[in-house]
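Notes for the structure review
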Amino acid sequence: MKNFSVLLIFFIVACSTREVPPPAPILPLPSESQLAWHEMEMNAFVHFTTNTFTGKEWGYGDESPAIFNPTEYDADQWVRRFKETGFKGVILTCKHHDGFCLWPSKYTEHSVKNSPWKNGEGNVVRDVMRACKKYELKFGVYLSPWDRNHADYGTPAYLEYYRNQLTELFTAYGPVFEMWFDGANGGDGYYGGKREKRSIKGSTYYEWPTTLQVVRDMEPDVLFFSDAGPGVRWVGNERGIAGETNWSTITPDTLYAGKTGIEKLLNEGSENGTHWIPAEVDVSIRKGWFYHAEEDSLVKTPEQLFNIYLTSVGRGSTLLLNVPPDRRGLVHENDVASLQGFRELLDTEFKTDLALNKNVTASSYRGNNKQYSPSNVTDGNLNTYWSTDDEILTGSIEIDLSETKTIKYILLQEDIRLGQRVKSFSIEINNNNEWKKVSAATTVGYKRIIKLDPIETDKVRISITDSKACPVISNIAIY
Ligand code: FUL
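Everything numeric in this text was worked out from a predicted model, so none of it was measured.

Here we look at the environment of leucine 169
With respect to the secondary-structure elements, leucine 169 resides in helix H6 (residues 156-172). Given the relative accessible area of 0%, leucine 169 is considered buried. Each C-alpha atom of the pair leucine 169 and glycine 419 lies 34 Å from the other, and the pair is 250 residues apart in sequence. Ignoring anything within four residues of it in the chain, the contact list for leucine 169 reads Cys94, Trp103, Val125, Leu143 and Gly174.

Quick look at the structure:
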């Protein structure tokens, strides 16, 4: 018997020190830039141009540069507020559909250089880029492909103009982490005085592969956002809502304008998608994308912003929240108040992770090896994870909170460096030795936050009920 115990101990020690290879990645995987992008979680979007002064959302292209004249302009104030809110990057409309450039481009007269603002010496792109450096935020650019001011729009000459401008932006104002271009295309406009309708074929006119290569040659790590990626995809709505099921994978060939159900596809991605193209949730703090005084009373409340956080970041996406400066060139007091309230809500709702360093057990773990032990999900380290043997696609984890607590949120993260795997999971809580199911959901991805009706418990069980391959969970937090 004694010998048997010695043998058993020897066996257990041997098992736990034996090399057990990590799970094989499930393709496709995020690139380094996409991983960094996921980790940013929240970025600010800035819409500012002549529209701010005309009250329009889409300028026609005939606006005089003279109307662009903010009176108390302070880009530092915008970025400081963004930093305080917790944003990690800023994307600026360097040029919107009206064609007015926020930097003194040498390729057009339709820019800040011909406005009275700072006697034509002003440069919003430079100022935002510098403020981003100061507050350690990443800088991104939106350069609208549709240009209702430019005489050549619709001809090959315009493509050269567009690429020249990208070269200006990427050489003078980099590094740029994300380039944003949208799908609004063609239609009527000023077009150098012709005032006509110009139709282009969205899928071919812009010759995107060439343009993207021009940019990549200058900024190899840049992520391209468009409806279909290739770096980041549109989430399919402007309401701040990613799919309850949200795969960061999708097959680009299945995405084309006009396809029935395209918005649902963008919203949810595809389980067996061939490429990693995660959804970005772009939404405005106001009704419009540009500042309009009549919307001062319609700024989203901190609670609305917090709910958007739950349906974007809490569903594995990144939030791109638009905060448009006003005619003074400042983020309006009402927007500032909402951002502050939003930050306070994030800080109070996610104040203490009740699971951190608590005891965890699991139905099984990979090779019985400590390297994959369930305690990795509560160790506060995103580089360690719990996983199971290859053939085990389900499993449960129990977290002992050590005392009864009221819980409101469960946060889960997969280690997406090994691909997105989980297809469904459920949450149970323990009350007087009885387990009660309180929630069930589908995908996890980079991050998933489940909001519960506040409930008391001392133990939480999370069961992975289906997965594409053995689950790889790096973090579980309970608030
Ligand atoms: C859209 C544009 O048409 C809107 O004006 C806004 O810029 C939004 C973010 O993208 O496609």
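Structural notes on the site of the ligand
Within the structure, the ligand sits among Phe45, His47, Trp58, His96, His97, Tyr142, Trp180, Asp182, Ala184, Asp282 and Trp289. At 2.8 Å from an oxygen atom of the ligand is found a side-chain nitrogen or oxygen belonging to aspartate 182. Burial of the ligand by the surrounding chains reaches 90%, relative to a free accessible area of 290 Å². Of the residues in the shell around the ligand, the class split is 6 nonpolar, 3 polar and 2 charged.

Regarding the sheet that holds strand E2 (residues 89-95)
A barrel is described by the order of its strands in space; here 8 strands give the closed sequence E1-E2-E3-E4-E7-E8-E11-E12, paired in parallel fashion. The average angle at which neighbouring strand axes cross in this sheet is 25°, direction not considered. Inspection of the sheet shows strand E1 (residues 42-46) paired to strand E12 (residues 318-322) by 4 bridges, in the parallel sense. Pairing of alanine 44 across the sheet is with leucine 321, part of E12.

Overview of unusual backbone geometry
Residue proline 175 follows glycine 174 across a cis peptide bond; omega there is -5°. Along the polypeptide, proline 175 turns up in the loop between H6 and strand E4 (176-180). Cis geometry is adopted by the peptide bond preceding proline 230, which originates at glycine 229 and carries an omega value of 15°. By secondary structure assignment, the location of proline 230 is in the loop between strand E7 (223-226) and strand E8 (232-234). Phi at tyrosine 191 takes a positive value of approximately 45°, unusual for a residue other than glycine. Relative to the helices and strands, tyrosine 191 is located in the loop between strand E5 (187-189) and strand E6 (196-198).

Notes on the packing of helix H4 (residues 75-85) against helix H5 (residues 124-135)
Contact pair H4 / H5: the axes reach a minimum separation of 9 Å and the direction vectors enclose 40°. What the angle tells us is that H4 and H5 run oblique. As for how H4 packs across H5, the hand of that crossing is right-handed. Residues Ala75, Asp76, Trp78, Val79, Arg80 and Lys83 of H4 pack against Val124, Asp127, Val128, Ala131, Cys132, Lys134 and Tyr135 of H5. Classifying every residue of the contact of H4 with H5 by side-chain character gives 8 nonpolar, no polar and 5 charged.

Side note on the side chain of aspartate 182
By the element assignment, aspartate 182 lies in the loop between E4 and E5. Buried aspartate 182, no salt bridge; nearest opposite-charge side chain is lysine 95, N-O distance 9.6 Å. Polar contacts involving the side chain of aspartate 182 include one to the side chain of tyrosine 142, which spans 3.1 Å. The residues contacting aspartate 182, other than those within four sequence positions of it, are His97, Tyr142, Ser144 and Pro145.

Details of the environment of glycine 86
Summarising the element assignment, glycine 86 is placed in the loop between H4 and E2. Looking at glycine 86, the relative accessible area reads 15%, which means it is buried. Those residues within four positions of glycine 86 in sequence are excluded, and the remaining contacts are Met42 and Arg343.

Some thoughts on the environment of alanine 469
Locating alanine 469 in the fold gives a position in the loop between strand E18 (448-467) and strand E19 (472-478). Along the backbone, alanine 469 and glycine 183 are 286 residues apart, and their C-alpha atoms lie at a distance of 36 Å. Leaving out residues up to four positions away in the same chain, alanine 469 has contacts with Ile26, Leu393 and Arg421.

About the criteria used
Residues numbered from 1 in each chain as written. Predicted model: local features only at pLDDT ≥ 70, side-chain atom pairs only at ≥ 80, totals over all residues. Heavy atoms only, no water. Helix = DSSP H or I, 4+ residues; strand = E, 2+ residues; numbered from the N terminus. Buried < 20%, exposed > 50% of the residue type's maximum accessible area, 1.4 Å probe, protein only. Contact = heavy atoms within 4.5 Å. Near = heavy atom within 4 Å. Polar contact = N/O pair within 3.5 Å; in protein donor to acceptor, adjacent residues only side chain to side chain. Areas by Shrake-Rupley, 256 points an atom, 1.4 Å probe, with all protein chains shown as cover. Nonpolar A, V, L, I, M, F, W, Y, C, P; charged D, E, K, R; others polar. Pairing = 2+ DSSP bridges. Axes fitted to C-alpha atoms, helices over the stretch in contact; angles between N-to-C directions. Parallel < 35°, antiparallel > 145°, perpendicular 65-115°, else oblique. Left-handed = near helix turned anticlockwise from the far one by under 90°. Lys, Arg positive; Asp, Glu negative; His and termini not counted. Salt bridge = Lys/Arg side-chain N within 4 Å of Asp/Glu carboxyl O.

Any link to function would need more than the numbers given here.
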